[in-house]
Amino acid sequence: MKEKLLLFLVFLTNLVVYGQNTCDTALPVQAGITVIDAINGSQAPSPFCVTGGTVATAGEWYVYSPIGNHTVTVTTDLNINIGDDPRVHIYKGDCTNLVCVAGDDDSGTLGNPDALCVVTFDALAGNDYFIAFDNKWDASGITFKLIENEYIPQPVAIVSFTQQTVGLTGSYRDCVVDMNGDYLDDIVSVSNGQVQMLLQTETGSFQSVTRPTPTTNFLPSWSIAAGDINKDGYNDLVYGNGQGVAFMRQNSTQTGFELMTSPEYVFSQRTNFIDIDNDGNLDAFVCHDVAPNVRYINDGTGNLIFAQGGMGDYPSGGNYGSIFVDYDNDGDMDLFIAKCGSGPIDELHQNNGDGTFTDVSIAAGMAEPSQSWSSAWADYDNDGDMDAMIGASSNTSGGHKLRLNNGDGTFTDVTAGSGLDVFLSTNIENVAHDFDNDGFVDLFMGGNTIMINNGNMTFTPNPVNTSVGSIGDLNNDGFLDVQYNNNIFLNTGNDNNWLKVHLEGVDSNRNGIGARIELYGTWGKQIREVRSGDGFRHMSSLNTHFGIGTAETITKLVVKWPSGIVDEILNPNINESILVVESSTLGVASTKNNAFILYPNPASEVLNIQNNSFEIEAAMIYDITGRKVVSTKNNVQSLDVHALSAGTYVVILRDTDGKTHTQKFIKK
Amino acid sequence: MKHFYPYFIVSLLVILSIIACSDDNQKKDDDYEPIPPTSPVVLDLSQVPYQKLSDYKLFEGDMKNQDPSLGVLPYEPISQLFTDYAHKKRFVWMPENAKATYNGDGKILNFPTGTVLVKTFYYDNVLPSNTTRVLETRLLIKKADGWIFGEYVWNDEQTEATLLTTGEYIDLEWMEGNVQKSTTYRIPSNTECFTCHKSGLDIIPIGTKPQNLNSTYTFDDGAKNQLAKWVEMGYLDSNYPTDITTVVNWKDEGLDIGLRVRSYLDINCAHCHQEGSYCDYRPMRFAFSESADPANLGICITPDQDLGNGLTQIVFPGRPLRSVLDFRINSTDEATRMPLLGRTLVHEEAATMINQWITALEGCD
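Keep in mind that what you see is a predicted model, and the values were worked out from it rather than measured.

Rules used in this analysis
Residues numbered from 1 in each chain as written. Chains lettered and ligands numbered in written order. Predicted model: local features only at pLDDT ≥ 70, side-chain atom pairs only at ≥ 80, totals over all residues. Heavy atoms only, no water. 1 Å grid on protein atoms, 1.4 Å probe; cavity = no way out; pocket = protein on both sides within 12 Å on 5 of 7 lines; lining within 4 Å. Points joined across faces, edges and corners; volume = space filled by probe spheres on them. Helix = DSSP H or I, 4+ residues; strand = E, 2+ residues; numbered from the N terminus. Phe/Tyr/Trp six-rings, centres within 6.5 Å; stacked < 30°, edge-to-face > 60°. Buried < 20%, exposed > 50% of the residue type's maximum accessible area, 1.4 Å probe, protein only. Domains from an automatic or database assignment. Contact = heavy atoms within 4.5 Å. Buried area = accessible area lost by both parts, 1.4 Å probe. Polar contact = N/O pair within 3.5 Å; in protein donor to acceptor, adjacent residues only side chain to side chain. Nonpolar A, V, L, I, M, F, W, Y, C, P; charged D, E, K, R; others polar. Patch = residues over 30% accessible without salt bridge, like charges linked within 9 Å, V, L, I, M, F, W, Y side chains within 5 Å. Areas by Shrake-Rupley, 256 points an atom, 1.4 Å probe, with all protein chains shown as cover. Salt bridge = Lys/Arg side-chain N within 4 Å of Asp/Glu carboxyl O. Lys, Arg positive; Asp, Glu negative; His and termini not counted. Charge placed at Lys NZ, Arg CZ, Asp CG, Glu CD. Disulfide = S-S within 2.5 Å.

Okay, empty space enclosed by the protein next. Take a probe with the size of a water molecule and roll it over the atoms, and the empty space left behind shows itself. One pass over the full model with this rule turns up four cavities of 30 Å³ or more. The volume enclosed by the largest cavity comes to roughly 370 Å³. Taken together, 27 residues form the lining of the largest cavity, with A432, H433, R528, E529 and N543 of chain A sitting closest to its centre. Elements that contribute at least two residues to the lining of the largest cavity include exactly β27 (372-378), β31 (431-433), β35 (470-472), β40 (524-529) and β41 (544-549) of chain A. Of the residues forming the lining of the largest cavity, the biggest block, three residues, is contributed by β40 of chain A. Residue lining of the second largest cavity: 13 residues in total, with S316, G317 and G318 of chain A together with K198 and Y278 of chain B positioned closest to the centre.

Each aromatic ring pair is specified by the distance between its two centres and by the angle formed by the two planes. Residue and element names in this part refer to chain A. For the structure on display, the rule yields 33 aromatic pairs over all chains. Ring geometry for Y327 against F411: centres 6.0 Å apart, planes inclined by 35 degrees, an arrangement best described as tilted. Here the residue Y327 occupies a position in the loop between β23 (319-325) and β24 (334-339), and F411 occupies one in strand β30 (residues 411-413), the gap between them amounting to 84 residues. F411 gets classed as buried once you look at its relative accessible area, which sits at 9%.

Attention shifts here to the domain arrangement of chain B. All names here are of chain B. Parsing chain B into structural domains produces domain 1 (53-233) and domain 2 (257-360). Across the boundary between the two partners, domain 1 contributes 22 residues, which contact 20 residues of domain 2. Of the roughly 1800 Å² buried between domain 1 and domain 2, counting both surfaces, carbon and sulfur atoms make up 59%. On the surface where domain 1 and domain 2 come into contact, there are nine residue pairs in polar contact (both at pLDDT 80 or more). Among the elements of the structure, β10 (179-187), α2 (190-196), β11 (198-199) and α3 (210-213) are those that each provide at least two residues to the side of domain 1 that touches domain 2. When residues in the side of domain 1 that touches domain 2 are grouped by element, the largest group, four residues, is from β10. Split by residue class, the side of domain 1 that touches domain 2 holds six nonpolar, 12 polar and four charged.

All names here are of chain B. Together, E60, D62, D67 and D220 give the surface a local cluster of negative charge. Take E60: it is sitting in strand β1 (residues 59-60). Taking relative accessible area as the criterion, E60 reaches 46% and is therefore assigned partly exposed.

Residue and element names in this part refer to chain A. The peptide bond linking S46 to P47 adopts the cis configuration, its omega dihedral lying at 0 degrees. Mapped onto the elements of the fold, P47 is located in the loop between β2 (32-38) and β3 (59-64). A cis amide bond, omega -25 degrees, links P315 with the succeeding residue S316. Even without being a glycine, K231 presents a positive backbone phi close to 55 degrees. Its place among the elements puts K231 in the loop between β15 (223-227) and β16 (236-240). We note that Q254 has phi near 55 degrees; this positive angle belongs to a residue other than glycine. Here Q254 is to be found in the loop between β17 (245-250) and β18 (257-261).

All names here are of chain A. Per the counting criterion, the structure on display carries three disulfides over all chains. Each sulfur in the disulfide pair C23 and C95 lies 2.0 Å from the other. Looking along the S-S bond of the C23-C95 disulfide, the torsion reads about -80 degrees, which is the left-handed sense. Taken together, the residues span a long stretch of sequence, with C23 in the loop between α1 (2-17) and β1 (27-29) and C95 in the loop between β5 (87-94) and β6 (97-104) at a distance of 72 residues. On the basis of relative accessible area, C23 is assigned to the buried category, the value being 3%. Across the disulfide from C49 sits C100; the S-S distance is 2.1 Å. An S-S torsion of about -85 degrees defines the bridge between C49 and C100 as left-handed. Placement of the pair is C49 in the loop between β2 and β3 and C100 in strand β6, with a sequence separation of 51 residues.

Structure (C-alpha cells):
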C-alpha cells in the first residue's frame with residue numbers, strides 16, 4: 001500500500017513537473033532523446049501541419065528554444081518505436097497563435113508498413129518551436145530524438161499553399177466557378193435539395209448563400225461541371241451520378257435552380273459542358289463507364305436532348321476521363337477519353353466540324369492501354385499545340401505517359417527522361433495549370449505533388465499540402481488556388497506576372513467554352529483553351545489564367561471563338577483580369593451589320609439608336625480592350641455616353657431572340 | 001455429356017430390375033405406373049425474357065409466397081451478398097434431362113442450356129404496416145449462346161412482376177430488428193447487372209459455385225447437402241470431388257475470423273476484383289480461392305488511388321482507420337463506398353467484423 005501511494009505521488013509529481021499536456025505547459029526539450037509515456041494531453045494540436053486525417057483528441061507538447069541557428073530533425077524513426085504510428089506538428093509563434101512550420105506522419109523508413117514520423121525544419125536562435133504529437137492513429141507512448149544539424153536553410157518550395165477552412169455545408173464539394181456573373185471564382189457545394197455557394201467578394205472574403213433546388217436521385221457523386229446553358233449570364237450545373245444525369249439550371253433571378261433530368265441509366269464518370277454541334281448553345285457530354293458515352297444536345301429553347309453513340313462506343317468499358325481539346329489546331333474541339341478497366345484502350349475522337357466525330361486513336365498514336373481516369377492537356381513546350389499527359393491510376397499498364405504533339409495530328413512518346421517516368425504516385429485526378437506563373441503549364445497529380453514544368457518537357461516534383469481539388473483564383477491575386485473538401489489552399493505566390501481572361505460569348509456559347517486563347521510576348525506564344533470539366537471529378541474555374549514570368553508587357557491577346565470570330569487586344573495590362581466580349585474588337589465593316597444606325601457619331605452626350613428591324617432586349621458599350629462600360633436593358637432608344645472618356649467604343653445590341661448586333665462609335 | 005452415360009445406364013438397369021422384380025401376378029391395371037409429374041415451368045428460349053414473371057410458371061399458388069413449382073429447387077449460398085438488408089429467395093430450374101457439371105470448387109458450375117436461376121428480393125416489416133413486400137425477381141437464363149438477364153419488378157398489389165430493362169427506384173422504410181431503416185432501393189438496369197455479372201464480354205452467374213453450395217439446407221422433405229440434392233434432382237452430375245474447399249458462413253462468430261472475412265469478401269467483392277472482371281486493374285483478388293495470400297487481400301499493399309485521410313494501405317495491420325478496405329466498407333458515398341453497386345447502407349455487422357479483423361492483424365513482416 002505504501003509503495004502504491006509512493007508510486008501515486010511520483011506520478012502526481014510527474015504530472016505537475018512534466019505537465020506537457022497543453023501548449024502552455026509544454027516541456028522544454030533540447031537535443032537528445034525524450035520519452036513520452038502516452039499521448040493523452042488535453043490539448044490536441046491545431047492547426048494541423050500534416051495532410052491526412054484532421055481529427056485528433058489529444059496531444060503532447062514540447063518547446064524547443066535553440067541557442068544558435070540549426071537545421072533540426074525531430075525523428076521517431078527509431079527501432080524502439082517500430083509498430084507505433086505517431087504524428088508530429090511543429091509550430092512557431094506562441095500558444096495563442098500557433099503557426100505551422102512543418103509536420104509529418106509517415107516519412108520514417110523503419111517498420112512495415114513504415115508509419116513513423118520524421119520532420120526537419122530550420123530553427124533560428126531566439127525563437128520558440130513547439131513540438132506536438134497527436135493521438136490520431138496511436139495514443140501509445142513514443143520516443144523521439146531531437147538532432148541539431150548544421151544550419152543549412154531548407155529549400156523553399158516553388159509552389160506552396162496556405163490552408164484555410166471554409167464553411168462548405170454540402171455533401172459534394174467539388175466545384176470552383178463563378179456562379180453570380182461577376183467572374184470571381186466562387187465555391188459550390190451540393191446537397192439533395194440545395195446548392196450552397198460561397199460567393200467571392202471584391203474584398204477577398206466569401207459570402208455564403210444557399211439556394212433551394214428540386215430533389216433528385218442523381219446527385220453529383222462522380223463528377224460535376226458548370227456552364228451557362230441558357231445564356232443568361234449565370235452558370236448552370238450538371239451532376240454526374242452513378243445511375244443518371246441531372247442538370248440544375250440557375251434561374252436568372254438567382255433565387256433557385258430548375259431541375260432537368262432524362263430517365264436513361266448512365267453510370268456517369270467525367271462530365272463536360274461543350275458545344276458539340278457548334279450552334280452557339282452549350283451541350284453536355286457525359287462519360288458512361290459501362291456503355292457508349294452520352295450527350296445532351298441543347299436545342300436553344302431550353303431542352304437538352306439525350307443522345308448516345310458515336311463518341312466512344314465502349315470497347316470494352318471504362319470511359320472515365322473525357323476532355324475536349326483541339327489537338328489538331330483546326331478550330332474545333334476534339335475529344336480524348338482516358339480509359340481504365342479490364343483491357344480498354346484510350347481513345348482520341350477527331351471533331352468532323354459537323355457535330356460528328358471520327359476515332360483517330362490509332363492514326364494519332366494515342367491508342368494505348370493506360371489504366372487512366374484522367375489526362376491533362378496543355379502546350380507544355382509552348383510551341384503552339386496541345387500536348388498530353390495521360391495519368392496512370394494503376395501501374396499495371398505502365399506508368400504516366402507524356403505525349404508531344406507533332407503538329408501533324410500525331411504524337412510522340414516523350415515520357416522517358418521527363419521526370420514522369422520516375423514519378424510513381426498514381427491518382428485518378430490529373431490537371432494542367434500554371435501554378436507558379438512562370439509561363440509553363442505544370443501538372444497537379446497524385447501523391448500531393450505538383451510536377452513543376454521546367455520548360456523543356458521535363459518536370460520536377462513539388463510536394464504540396466493538398467490533393468488535387470477544384471482549381472481557381474479564390475482570392476483574386478492572379479495565382480491559382482485549390483479547394484479540397486472543406487479547405488481552401490491559397491497559393492503563396494511569387495513575383496511573377498500574370499493575366500486572367502474572362503470571356504462573354506455572343507454568337508458562341510456564353511462562357512466561350514471551346515475558345516482558343518493566345519498570348520504573345522517575349523516568351524513567344526502561350527495558348528489555353530476554355531474547358532468545362534478536366535481531371536476526373538472536379539469543376540475548375542472557367543476563367544483563363546496565364547503566368548508570364550518576369551515579363552512586364554504582353555504584346556497581344558487573341559481569342560479565337562468557337563463561332564470562328566477572332567478578337568484581338570493589343571498590349572493588355574499585366575496583373576489584371578480582362579473581359580473579352582465576342583466580336584467586341586471587330587471593325588464595323590467586318591460585322592457587316594446594317595440593322596441599326598448610331599447617331600450622332602462621333603457622340604459626346606447622348607448616342608441615339610435608330611432601329612426598325614428588331615426589338616432590343618439589352619444594350620452594352622465596350623471599350624476597345626473589351627471592358628463593359630455601359631449596360632442597360634429593355635427597349636433602349638438612346639445611351640448616355642457623357643461620362644465615357646474619348647476614344648473608340650463598340651455598341652452591342654441584343655435582340656429578344658438572343659441575337660446580337662454590333663456597331664462602333666467614337667466618343668468625342 | 002458423353003462421359004455421363006455410364007451413370008445413366010446403371011440407373012436404367014436398376015430401374016429395369018425393379019420393374020422386373022415386381023409381382024407378375026398382379027392385375028395389369030395395378031402395373032400402371034403413374035407418369036412422373038412434369039415440371040410446369042414454361043421456357044421457350046426463343047421468347048425469353050417474357051414480359052411477365054408469371055409467364056414462366058415458376059411458382060405455385062399466390063406468386064408472392066414464392067412457393068416453387070415442381071422442379072424449381074430452392075438453394076442458398078453459405079455466405080451471401082449484402083443488398084441493403086433485403087431478404088432473398090433463390091431457386092434453380094433446369095429442363096428435363098439436362099444437368100450441370102462440376103468445374104472447380106470456386107468456379108461457376110457448368111450449367112446446361114435452359115437453366116434458370118431465380119433470385120427474389122423482399123423485405124419484412126415494411127412500414128407503415130409491418131408488411132412483407134416483394135420488390136424484384138432477377139432471372140439469369142442460359143441460352144445456347146450464353147446467359148441473359150430477366151429483371152422483373154413487382155407491382156404494388158404483389159400479384160405480378162413485369163420485365164424492366166432500364167432501372168428504377170423504390171423508396172422503402174422498414175424495421176430491421178428494433179431499428180427503423182430506410183433506403184431508396186435501386187432496381188438495376190440490365191447494364192448495371194452486367195457490371196457485376198461479368199467475365200470479359202460474357203454474362204455470368206456469381207453465387208452458384210460448389211464452394212458456396214456445399215452445405216446443408218433444409219428442403220421441404222428434409223435437410224440435405226445442397227449439392228447432393230441437386231444430384232438427386234438430376235440438376236448436377238454426381239462426378240464431383242468430396243473434398244471441396246468450402247467457404248464458411250461469415251455470420252458464424254464461432255469460426256475463424258480470417259475465414260469469415262474471406263468468405264464475406266468472396267461473395268460481396270470478388271465478382272469485380274478478379275481477372276477479367278470490372279475492376280481487375282486494382283491489386284486485390286478477393287475470390288476465396290485466391291485470398292489465402294495476404295497480398296491479395298490488400299494487406300500491406302499501397303492503394304493506387306489517393307483517398308487522403310491517412311489511408312496509406314488497403315489493409316493496414318492493426319489500424320482500421322488507415323485501411324482503405326475499412327473506409328470503403330463504411331462509406332455510403334457512391335464514389336468511395338464498396339461494394340459499388342447493390343448497397344446504399346452500411347452493412348454494420350460486416351463492417352464490425354472487418355474492423356475487428358484488421359485490428360487483430362499484426363505487421364507485414
